[in-house]
Structures are given as structure tokens and as C-alpha cells.
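Working through the structure, step by step
Next come the chains, spelled out residue by residue.
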Amino acid sequence: MSVPNIALNDGTSIPQIGFGTYKIPNEDAERRVLDALEAGYRHIDTAALYKNEEGVGRAIARSGLAREEIWVTTKMWNDRRGAEDSRRALDESLERLGLDYVDLYLIHWPAPANGPIAETWEALNTAKAEGKMRSLGVSNFDYRFLPELLDTGIIPSVNQIELHPTFQQPETVKASGERDIAIEAWGPIGQGKVDYASGIIGDIAAQHGASWAQVILAWHLQKQRVVLPKSSTPERMAENLAAASITLSDDQIAEIDALDTGDAGRLGPNPAELS
Ligand code: NAD
């Protein structure tokens, strides 16, 4: 199964389907990530918060794949801030992963209660210049938090945000698009908490002989987003990758666009409130 890549604003190229590892315990991560790599994933999404970077790193080492064949993203947790501490956090993640560099390093949440972000952001950009990451980005920086970053003159390559049919964050998608910041959708199929199987998505799935999850993933892919579906079974890992071969019509895309319920659809924390 071949997964398309999209170009980032810094000249790198990222596989559009990544394997999400949230809530995969460290002791299971090696097996799950090896399964994902065997299924054809070449993009793994982890975070210091997930406490599974060591298992992810072991899988990469054991996979037999060349380092440059796998896109690895990790994230800095909210309690790490400031020039020195943020660089230390990155070094600690690299150590746990057993890697010299990550492909993408993200500030996990804006966490506004933890102080201004500029010094941290500039320090991470220096670490990028030193080769410790290929791309630098943010996560959960909605339209309210992007201006503070952009004021530094350092434009993120990626904004990883909660995004699924009932929570589409149009203001943030627009503000990111204006600076050519790629959107990565976390919780792309609604974290198993939303009934997407019935109704319009189920109807579209039946028309394509596909699953409801594949239809949602195809919708994201056609909007040029990166998706990070998480699964622990090889069957669903393969099913989610196969979404790349489904093409929805413009009308079907518009029908899914119309499912947005604004803030009522949010499943995770509000970035203004998490610290
Ligand atoms: P998700 O939308 O990927 O949903 C995962 C759930 O869907 C699991 O319960 C899984 O069993 C089920 N599932 C997977 N494939 C399926 C299929 N084909 N059919 C039916 N059910 C299926 O939610 P997620 O794991 O929260 O998000 C994906 C990834 O995004 C995470 O693993 C993590 O890497 C990242 N993430 C980032 C943040 C952030 O703050 N940056 C927050 C949450 C998640």
C-alpha cells in the first residue's frame, strides 16, 4: 500500500498517514510499531507524554529499515519551557528514542499559564539548525495561539490539532493555511467516541464498499491533511492505510464538511485551559 507524501513549508516531505501511539504502553510499543512498519507505515507519532519513546525507538532499530525511511515525530510536554529546559527535553527524547535526530519536533500544547512561548520557540529553532530535528512545529496551537509564535518570524511547518467531522476547527485550519502550515489531524476518526458508523458517513462507506473509518481518513487525505490513526490490531492498521486508495466525490466531501458542530464536537481539552 503506497501512502502519498505532502510537502512541508521547509522543503521536507512527510507521509500523509502516520501511526499514532497515544496510550500504547512502553512495553507494547515495540511490537505495535513493528506491526505498523510491517503493514507499511513509514511515519510514527509519539510524545514524551506517552512514555513509550523507548519502545518506539527499539522498534525502529529492529525494523531493518534505514533511518531515513521512517518519519519520526515526538513532542515536548507542557512542563518543559525556556531556552535551556526545552533543549534538554529534546535531548532526553532523542536519548529515549535512540536517535540522533527526529523528523518533527512539536510543542505539545500552548499551555498559556506556563508563560510566553517565544524564548522556547527560538531555542528549538536553534536546535533545528544544529540538526537535531528536520522540521519544527506545534500542536494544539489554535487560531488564538498562532500569532504569538508567528511574531517571532519563525513559521511552524506543522500544526497538529484535534480534527474530525464533528470538530473541524475552520478558523485554525484557515490561519494555518495562510502561512502554509500543514495540518495534522489527531483523533482523526473521533477516538472511538463518536458514532460515525451510522448516518451520512455510513451511507458513503456503503457506496464505496469501505468502512466508516476509511471514509473519514479519505476525507482528511483529500483535504491535504496528515492523519494519525491509532490502532492496536494489524487488521485495522492495514484498513486505515488502505484509505489512501479511496477517492470521494466533491459532493461526498461537502456532505462530511457539513457535519461540523463547532465547539460542541470537541473531545479533548481546550488549549486555553490545559497547562
Ligand atoms: P483516533 O481517532 O485515532 O481513534 C483511535 C480509536 O479508534 C481506538 O480506540 C481504535 O481502536 C479505534 N480504531 C482505529 N482504527 C479503527 C477502524 N479502522 N475502525 C474502527 N475503529 C478504529 O484517536 P487517537 O488515538 O486519540 O488519535 C490518534 C493519534 O493522534 C494518537 O495516537 C496520537 O499519536 C495523536 N494524538 C495527539 C494529541 C495531541 O495533543 N497532539 C492528542 C491525542 C492524540
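Below is a short write-up of the structure. Throughout, a residue's number is its position along its own chain's written sequence, starting from 1. Reporting of local features is limited, given that this is a predicted model, to residues whose pLDDT is at least 70; pairs of side-chain atoms are given and counted only at 80 or more, and all residues count toward the totals for whole chains, interfaces and linings. As a rule here, side-chain values come from all non-hydrogen atoms in the structure, and water together with hydrogens is ignored.

Details of unusual backbone geometry
Most peptide bonds take the trans configuration, and most residues that are not glycine carry a negative phi. Where we set the bar: Only DSSP runs of H or I covering at least 4 residues are called helices, and only runs of E covering at least 2 are called strands; the numbering of each starts at the N terminus. Exposure categories follow from relative accessible area, calculated using a 1.4 Å probe and restricted to protein chains: below 20% of the type maximum is buried, above 50% is exposed, and the middle band is partly exposed.
Its identity as a non-glycine residue notwithstanding, Lys 23 has a phi of 70°, on the positive side. One can find Lys 23 in the loop between β3 (19-20) and α1 (26-39). In the Ramachandran plot, Lys 51 falls in the positive-phi region, its phi being about 55° despite a non-glycine side chain. Checked against the element boundaries, Lys 51 lands in the loop between β4 (43-45) and α2 (53-62). For Lys 51, a relative accessible area of 65% puts it in the exposed group.

So, the environment of His 108
Cut-off, in case you're wondering: The contact rule is simple, with two residues in contact once any of their heavy atoms fall within 4.5 Å.
Note that His 108 resides in the loop between β6 (102-107) and α4 (118-129). We classify His 108 as buried; its relative accessible area is 6%. Each C-alpha atom, one on His 108 and one on Ile 204, is 34 Å from the other, the two residues being 96 residues apart in sequence. Beyond its immediate stretch of four places on either side in the chain, His 108 contacts Ala 47, Leu 49, Tyr 50, Lys 75, Met 76, Trp 77, Asn 78, Ser 139 and Asn 140.

Quick word on the pattern of salt bridges
The following threshold applies: The term salt bridge refers to a pairing of a side-chain nitrogen on Lys or Arg with a carboxyl oxygen on Asp or Glu at a separation within 4 Å.
Scanning all chains against the criterion turns up 18 salt bridges. Note that Glu 53 is salt-bridged to Arg 96, the shortest N-O span being 2.6 Å. On the criterion of sequence distance, the pair formed by Glu 53 in helix α2 and Arg 96 in helix α3 (residues 83-97) is long-range, its members being 43 residues apart. A relative accessible area of 1% means that Glu 53 is categorised as buried. The partly exposed category is assigned to Arg 96, whose relative accessible area is 31%. Lys 132 is the partner of Asp 91 in a salt bridge, and the nearest nitrogen-oxygen pair spans 2.8 Å. Taken as a pair, Asp 91 in helix α3 and Lys 132 in the loop between α4 and β7 (133-139) lie far apart in primary sequence, 41 residues in all. By relative accessible area, Asp 91 is classed as partly exposed at 32%. Residue classification places Lys 132 among the partly exposed residues on the basis of a relative accessible area of 22%. The structure contains a network of salt bridges with shared partners spanning Arg 80, Glu 84, Asp 85, Arg 88 and Glu 92.

Observations concerning the pairing of β6
Here is the rule: The pairing criterion is simple: DSSP has to find at least two bridges between the two strands. When the strands point away from the viewer and the connection leading from the first strand across the helix to the second strand turns clockwise, the crossover is called right-handed.
By the criterion of burial, β6 is predominantly enclosed, with 6 of the 6 residues buried. Relative to β6, strand β5 (residues 71-76) is paired through 4 bridges, and the arrangement is parallel. For Lys 75, the partnering residue across the bridge sits in β6 and is Leu 106. Once you follow β5 into α3 and on to β6, the crossover reads as right-handed. Looking at chain direction, β6 and β7 are connected through 5 bridges and run parallel.

Digging into the packing of α2 against α3
Selection criterion: Between N-to-C directions, angles span 0 to 180 degrees; the directions come from axes that are lines fitted to C-alpha atoms, helices contributing only their stretch in contact. In what follows, roughly perpendicular refers to angles from 65 to 115 degrees, roughly parallel to angles under 35, roughly antiparallel to angles over 145, and oblique to any angle outside these ranges. Under this grouping Gly is polar, as are all residues other than the nonpolar Ala, Val, Leu, Ile, Met, Phe, Trp, Tyr, Cys and Pro and the charged Asp, Glu, Lys and Arg.
The N-to-C vectors of α2 and α3 enclose an angle of 50°; their axes lie 7 Å apart at closest approach. Taken together, the axes of α2 and α3 lie oblique to each other. The residues of α3 that touch α2, namely those facing Glu 53, Glu 54, Val 56 and Gly 57, are Ser 93, Arg 96 and Leu 97. The residue makeup of the contact of α2 with α3, split by class, is 2 nonpolar, 2 polar and 3 charged.

Description of the site of the ligand
Our working definition: We call a residue near a given molecule or strand whenever any one of its heavy atoms falls within 4 Å of it. Any N or O atom pair separated by 3.5 Å or less is treated as a polar contact, with the protein-specific requirement of one donor-capable and one acceptor-capable atom, and with residues adjacent in sequence counted only for side-chain atom pairs. Here the accessible surface of atoms and residues is derived via Shrake-Rupley with a 1.4 Å probe, and residues count as covered only by protein chains that are part of the display.
Near the ligand you find 27 residues, and of these Asp 45, Ser 139, Gln 191, Leu 228 and Asn 240 are the closest. A distance of 2.9 Å is found between an oxygen atom of the ligand and a backbone nitrogen or oxygen belonging to Tyr 22. Protein coverage of the free-state accessible area of the ligand, which is 840 Å², stands at 88%. Elements with a contribution of two residues or more to the shell around the ligand: α8 (212-222) and α9 (234-241). Per-element tally for the shell around the ligand: the top contributor is α9, with 3 residues. For the shell around the ligand, the per-class residue count stands at 10 nonpolar, 12 polar and 5 charged.

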